[in-house]
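An overview of the molecular structure
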Amino acid sequence: MNDLDLLELRSVSRRFGSFTAVDEVSLTVRPGARHAIIGPNGAGKSTLFGLISGTRPVSGGTILLDGQDVTRLPVHRRVGLGTAATFQHSSLFLRETVLENVLLAALLRTGTGLGGWRKVSARAAEIDRARSLLDRVGLPDRHDLMAGALSHGERRQLEVAVALATEPRLLLLDEPAAGMSPAETARLTELIAALPAEMTVLLVEHDLDMVFELADTVTVLHLGRHLITGTPDHVRASAEVQRAYLGTTEVAS
Ligand SMILES: Nc1ncnc2c1ncn2[C@@H]1O[C@H](COP(=O)(O)OP(=O)(O)OP(=O)(O)O)[C@@H](O)[C@H]1O
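Residues numbered from 1 in each chain as written. Predicted model: local features only at pLDDT ≥ 70, side-chain atom pairs only at ≥ 80, totals over all residues.

If you tally the helices and strands in the protein chain, you get nine helices and ten strands. Evaluated residue by residue, the protein chain yields a buried proportion of 40% over its 253 residues. Sequence-distant contacts in the protein chain: of pairs separated by 6 or more residues, those separated by 24 or more amount to 67%. (Helix = DSSP H or I, 4+ residues; strand = E, 2+ residues; numbered from the N terminus. Buried ≥ 20, exposed ≤ 12 C-beta atoms within 10 Å, placed from the backbone. Contact = placed C-beta atoms within 7 Å.)

For the ligand, the full set of nearby residues is Phe16, Phe19, Ala21, Gly39, Asn41, Gly42, Ala43, Gly44, Lys45, Ser46 and Thr47. If you list the elements that add at least two residues to the shell around the ligand, you get strand S2 (19–29) and helix H1 (45–53). Per-element tally for the shell around the ligand: the top contributor is H1, with three residues. Within the shell around the ligand, the residues separate by chemical class into four nonpolar, six polar and one charged. (Near = placed C-beta within 6 Å. Nonpolar A, V, L, I, M, F, W, Y, C, P; charged D, E, K, R; others polar.)

On to the sheet that holds strand S5 (residues 68–69). Taken in spatial order, the four strands of this open sheet run S2-S1-S4-S5, and their pairing is antiparallel. Every interior strand has two partners, whereas the edge strands, S2 and S5, have only one. Relative to strand S4 (residues 60–65), strand S1 (residues 7–16) runs antiparallel, the two being bridged by five bridges. Following the sheet pairing, leucine 7 is matched in S4 by leucine 65. (Pairing = 2+ DSSP bridges.)

A few words on the sheet that holds strand S10 (residues 225–230). Read across the sheet, six strands follow the order S6-S7-S8-S3-S9-S10 without closing on themselves; strand pairing throughout is mixed. Single-partner strands in this sheet number two, and they are strand S6 (83–86) and S10. The mean angle between the axes of side-by-side strands here comes to 15°, regardless of whether they run parallel or antiparallel. Pairing geometry for S6 and strand S7 (residues 170–174), over four bridges, is parallel. Within the sheet, the bridge partner assigned to alanine 85 lies in S7 and is leucine 172. Along the sheet, H1 contacts strand S3 (34–38), S6, S7, strand S8 (200–204) and strand S9 (217–222); its crossing angle with S7, the most-contacted strand, is approximately 150°. (Axes fitted to C-alpha atoms, helices over the stretch in contact; angles between N-to-C directions.)

Now for unusual backbone geometry. Although it is not a glycine, glutamate 175 sits at a positive phi angle of roughly 45°. Within the fold, glutamate 175 resides in the loop between S7 and helix H6 (182–193). According to the C-beta neighbour criterion, glutamate 175 is buried, with 20 such atoms within 10 Å. The backbone of leucine 223 shows a phi angle near 50°, a positive value even though the residue is not glycine. For leucine 223, the location among the structural elements is in the loop between S9 and S10.

All right, on to the domain arrangement of the protein chain then. Domain parsing of the protein chain yields domain 1 (1–82 + 168–253) and domain 2 (94–166). The interface of domain 1 with domain 2 comprises twelve residues on the first partner and twelve residues on the second. Elements that contribute at least two residues to the side of domain 1 that touches domain 2 include exactly helix H2 (75–80) and H6. Of the residues forming the side of domain 1 that touches domain 2, the biggest block, four residues, is contributed by H6. Looking at the side of domain 1 that touches domain 2 residue by residue, the classes come out as seven nonpolar, three polar and two charged. (Domains from an automatic or database assignment.)

Below, the discussion takes up H6. Each α-helix winds once per 3.6 residues, and so residues spaced three or four apart point in a common direction. Across its twelve residues, H6 extends 16 Å between first and last C-alpha, which sits within 8% of the 16 Å expected from 1.5 Å per residue. Among the residues making up H6, those that are buried are Thr185, Leu188 and Ile192. Down the axis of H6, the buried set is contained in an arc of 65°. They therefore lie on one face. The exposed residues of H6 that point more than 90 degrees off its buried face are Ala183, Glu190 and Ala193. (Expected span 1.5 Å × (residues − 1). Arc of directions from axis to C-beta.)

Now for the environment of glycine 42. Within the fold, glycine 42 resides in the loop between S3 and H1. The sequence separation of glycine 42 and threonine 166 amounts to 124 residues, and the corresponding C-alpha distance is 31 Å.

Turning to the pairing of S2, a few remarks are in order. By the bridge criterion, seven bridges tie S1 to S2 in an arrangement that is antiparallel. Across the sheet, residue valine 12 finds its bridge partner in S2, namely valine 25.

So, about the pairing of S9. For S9, the buried fraction is high: five of the six residues fall into the buried class. Pairing of S3 with S9 involves four bridges; the strand directions are parallel. Across the sheet, residue alanine 36 finds its bridge partner in S9, namely valine 218. Connecting S9 to the next strand, S10, in antiparallel fashion are two residues, including leucine 223 with a positive phi near 50°.

See the structure below:
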C-alpha cells in the first residue's frame, strides 16, 4: 500500500456457492479521488460495493482503510472510521421526517448518542447543519415531510444528505442516479462535483455520462475481475473496455 492511499483492496473475492461474483480484485483509492467503478451488467460492481461498505462479508482478501484492516468490521464501525455509503436499496427511515433522517445520521457522527444533545445550543446547531445540508442536496422545501412521502429521486437526494451528515472522509455512492430524471441527475452531478476536495468519493454508476463528467479515476470490472484502472480518457480509449461493453452499453465518447 502506498502511504497516500485511503482505501486499498487486496485480492478481494466474493463467492456465492460455486459462483465467483468478485474475483481477486485489487485496487487503491487515493485521498480526494473521484473514483468510479463501472462495468457491464453482472460485472460484480454492487457486490464489490457491499464488500467495501461492509454490508457483505468477503470470501477472501483484505480491505484496508487508511492502512487499517477493516475486512471484518461491521458497517457501523466503518462509519466510525469515516466511511459513509448510500445504497441502491434505500436505508432511510420512511416514517421519520426528512430532517429527522439527517439528524439521526448526525448522531452517529457525534458518537455521543442522544445524551450529547442535551444542551439546547448543541441541538440547535445540529438542526441548522441538517437544514443547510438538505438545502444543499436540493430538498429545501421538504424538511418536515415524512421520508416515505418523497419521490424516488428525492429519496436518493436525501440519502446523500444522510451520508454527508456523518462528515465522511470516504463517501461511497451505489448508483446514485438510478431511477432519477435527467434534471435530478444533473443536480446530483453538480452536488457531487461541489463536495469538499478532501472528501474521497467512490462511485458505482451505470450512467456513464455522469461518470465521465465526475471521475478522475475509473476502474472497469468485467465478469468479477478487475479489467483496468486509469484516467477517463485512458479507459475510454481501451480496446479491452470496448470489447467488454460490446453488446451492452457503449462507453460514452
Ligand atoms: N446473493 C447472490 N446470490 C447469487 N448470485 C449473486 C448474488 N448477488 C449477486 N449475484 C451474482 O453475482 C454477479 C454480479 O452481480 P452484481 O449485482 O454485483 O453485478 P453488477 O455489476 O452490480 O450488475 P448490475 O450492473 O446489473 O447491477 C451476477 O452474476 C449476479 O447474478
